[in-house]
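Commentary on secondary and tertiary structure
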Amino acid sequence: MSVPGFITAAILIMIVLSLLSDPRSDRKLTIALKIFGESPQQLSGYNDLIVACASLGVRPAVDITEWESGIRVLITGSPTPEQLKEFCGRLKAAGGYALVVKDAVPNFEELVPVLDELNEHQLVQIVTSEQTIFLLKGKGSQYLYAYPKADCTATVAILFQGGKKVLVIERKFAPFKGWMTLPGGFLNILMEALPVCAARELMEEVFSKAHLEGRTVVQACDLKLVDVRSDPDRDPRGHIVDHGYVWLVPAEREAAVMADICKGDDAANVWLEDTATALKKGLAFDHVELLQAAVDLLGIQLS
């Protein structure tokens with residue numbers, strides 16, 4: 001057995017032993033892990049998921065008849081299209097749901113046609129390892145939606161000095177911890193429109209003192225929509241559609257706005273960066289695309 005294979009086997013043994021020593025282990029499973037074929041240790045998503053499962057007591061999937069209705073099975077490894085279709089069908093018949101962990105399945109592209117079919121019949125949900133680990137740790141709930149749903153975010157390029165400077169933050173948390181990026185965040189579902197989300201996130205992330213004092217620095221009407229980026233792999237947390245906005249701060253307001261800059265809880269640091277430098281150095285996610293699109297839209301000359 002190879003060293004990586006030995007490590008994976010050892011982790012799976014640890015999972016089983018931890019459950020045997022757990023007085024609750026006689027209860028029916030609510031979540032399990034299924035590995036098809038050889039363990040894909042070359043994938044970081046798989047390795048991260050295996051470690052998380054071991055620490056959280058998620059055990060290997062063995063016999064569907066033992067599972068209670070509503071179980072979620074995390075699918076990793078390299079199933080053939082036929083194996084995946086047969087497994088998801090049996091799992092659905094037993095009242096369970098399949099979660100295919102995209103970055104823990106080396107042959108994911110090969111499975112896309114059958115995944116389309118399974119998704120159409122509500123037999124599968126596609127997730128990422130980071131998203132799954134987050135949910136396993138009790139920070140969210142796992143659902144199988146009648147129709148696939150993507151999350152929405154709003155991100156803003158705040159430009160000063162006619163566009164020569166851009167407000168950036170250093171990310172305090174994963175993903176892209178420590179990276180330079182533009183401020184923004186997730187839409188509050190059923191509570192706000194995207195421009196309102198963008199303005200709120202700016203107040204919370206880069207104007208936090210004013211936000212706590214109840215003062216408004218930026219409003220939704222100040223923001224101009226620039227682009228929409230929806231690549232399925234643009235964010236490791238899942239399929240997240242980002243809506244890019246720009247705010248070219250008027251010259252007469254620059255001093256007041258700059259005086260109100262104050263990092264919030266999600267930012268390790270916040271500062272004004274040369275726009276040309278930010279474009280050259282790069283930004284987290286695909287925010288360089290937004291910044292470049294904002295510069296082009298406003299006709300800003302950086303040279």
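None of these values were measured; they are calculated from a predicted model.

Conventions we followed
- All residue numbers here refer to positions counted from 1 along the written sequence of the relevant chain.
- Totals for whole chains, interfaces and linings use all residues, but because this is a predicted model, local features are given only for residues with pLDDT of at least 70 and pairs of side-chain atoms are given and counted only at 80 or more.
- Excluding hydrogens and water, the side-chain values take into account all heavy atoms of the structure.
- Pairs of cysteine sulfur atoms within 2.5 Å are what we label disulfides.
- Buried, partly exposed and exposed residues are distinguished by accessible area as a fraction of the type maximum, computed with a 1.4 Å probe on protein chains only: under 20%, between the cut-offs, and over 50%, respectively.
- Stacked, tilted and edge-to-face pairs are distinguished by plane angle, under 30 degrees for stacked and over 60 for edge-to-face with tilted covering the rest, among Phe, Tyr and Trp rings (Trp via its six-membered ring) whose centres lie within 6.5 Å.
- Runs of E in the DSSP output that reach at least two residues are strands. Runs of H or I that reach at least four are helices, and both are numbered from the N terminus.
- For a ring to carry a charge above it, either NZ of a lysine or CZ of an arginine must fall within 6 Å of the ring centroid while also lying within 35 degrees of the normal to the ring plane.
- Pairs of strands are assigned from DSSP output, requiring at least two bridges between the strands.
- In what follows, residue pairs with any heavy atoms lying within 4.5 Å of each other are defined as contacts.
- Here, axes are lines fitted to C-alpha atoms. For helices the fit covers the stretch in contact, and angles between N-to-C directions go from 0 to 180 degrees.
- Here pLDDT means the predictor's own confidence in every residue, given as a number from 0 to 100.
- By definition here, a salt bridge exists when the distance from a side-chain nitrogen of Lys or Arg to a carboxyl oxygen of Asp or Glu is within 4 Å.
- Patch criteria: residues need more than 30% relative accessible area and no salt bridge. Like-charged residues are merged within 9 Å; nonpolar side chains of Val, Leu, Ile, Met, Phe, Trp and Tyr are merged within 5 Å.
- Per-residue and other accessible areas were derived by the Shrake-Rupley procedure at a 1.4 Å probe size, with only the shown protein chains allowed to occlude residues.

Quick word on the state of the cysteines
Applying the stated criterion across every chain, the model contains zero disulfides. Cysteine 152 forms no disulfide, and the closest cysteine sulfur to it belongs to cysteine 197, at a distance of 8.8 Å. For cysteine 152, a relative accessible area of 23% translates into the label partly exposed.

What about the packing of aromatic side chains?
Under the defined criterion, the tally for this structure stands at three aromatic pairs. Ring geometry for phenylalanine 176 and tryptophan 179: centres 5.0 Å apart, planes at 70 degrees, overall edge-to-face. Classification of phenylalanine 176 by relative accessible area gives partly exposed; the value is 25%. Plain terms: the ring middles of phenylalanine 176 and phenylalanine 285 are 4.7 Å apart, the flat faces sit at 65 degrees to each other, and that makes the pair edge-to-face. Placement of the pair is phenylalanine 176 in the loop between β7 (165-171) and β8 (180-181) and phenylalanine 285 in the loop between α9 (275-281) and α10 (287-298), with a sequence separation of 109 residues. Ring pairing ties together the aromatic residues Phe176, Trp179 and Phe285, which thus form one cluster. Positioned over the ring face of phenylalanine 36 is lysine 34, at 5.1 Å from the centre of the ring.

Examining unusual backbone geometry
Across residues other than glycine, the phi torsion is negative in most instances, and most of the peptide bonds are trans. Residue proline 175 is reached from alanine 174 by a cis peptide bond, and omega for that bond is -5 degrees. Following the sequence through the fold, proline 175 ends up in the loop between β7 and β8. Despite not being glycine, glutamine 122 shows a phi value in the positive range, around 60 degrees. Position of glutamine 122 among the secondary structure elements: in the loop between α4 (108-120) and β5 (124-127). One non-glycine residue, glutamine 161, adopts positive backbone phi at about 55 degrees. The exposure class assigned to glutamine 161 is partly exposed, which follows from its relative accessible area of 43%.

Considerations on the sheet that holds strand β4 (residues 97-101)
Pairing is parallel in the open sheet, where five strands are placed in the order β2-β1-β3-β4-β5. Two strands in the sheet have a free side with no partner beyond their single neighbour: β2 (59-60) and β5. Pairing geometry for strand β1 (residues 31-36) and β2, over two bridges, is parallel. Along β2, the bridge assignment pairs leucine 33 with proline 60. Strands β4 and β5 of the sheet are contacted by α4, whose axis makes an angle of about 140 degrees with β5.

Side note on the confidence of the model for the protein
When pLDDT is averaged across the protein, the result is 87; 85% of the residues are at 70 or more. In this model residues 12-29 is a low-confidence stretch, pLDDT under 50, and it forms 21 contacts with partners more than four residues away in sequence or in other chains.

Topic: the pattern of salt bridges
Oppositely charged side chains are able to pair whenever their charged atoms sit close together. The full count for this structure, using the stated rule, is 15 salt bridges. Salt-bridge contacts for glutamate 117 lead to lysine 85; the nearest nitrogen and oxygen are separated by 2.8 Å. Remark: lysine 85 occurs in helix α3 (residues 81-93) and glutamate 117 occurs in helix α4; sequence separation between them is 32 residues. Residue classification places lysine 85 among the partly exposed positions, given a relative accessible area of 41%. The shortest N-O distance in the salt bridge between glutamate 213 and lysine 209 comes to 2.5 Å. On the basis of relative accessibility, which here comes to 47%, the residue lysine 209 falls in the partly exposed class.

A word on a nonpolar patch on the surface
On the surface, Leu248, Leu297 and Leu298 cluster together into a nonpolar patch covering about 230 Å² of accessible area. With respect to the element layout, leucine 297 can be found in helix α10.

Focus: the environment of phenylalanine 173
With respect to the secondary-structure elements, phenylalanine 173 resides in the loop between β7 and β8. Using a relative accessible area of 43% as the deciding quantity, one classes phenylalanine 173 as partly exposed. Measuring from C-alpha to C-alpha, the distance between phenylalanine 173 and alanine 267 comes to 8.0 Å, with 94 residues separating the pair along the chain. Each residue touching phenylalanine 173, except ones within four places of it in the same chain, is listed here: Asp265 and Asp266.

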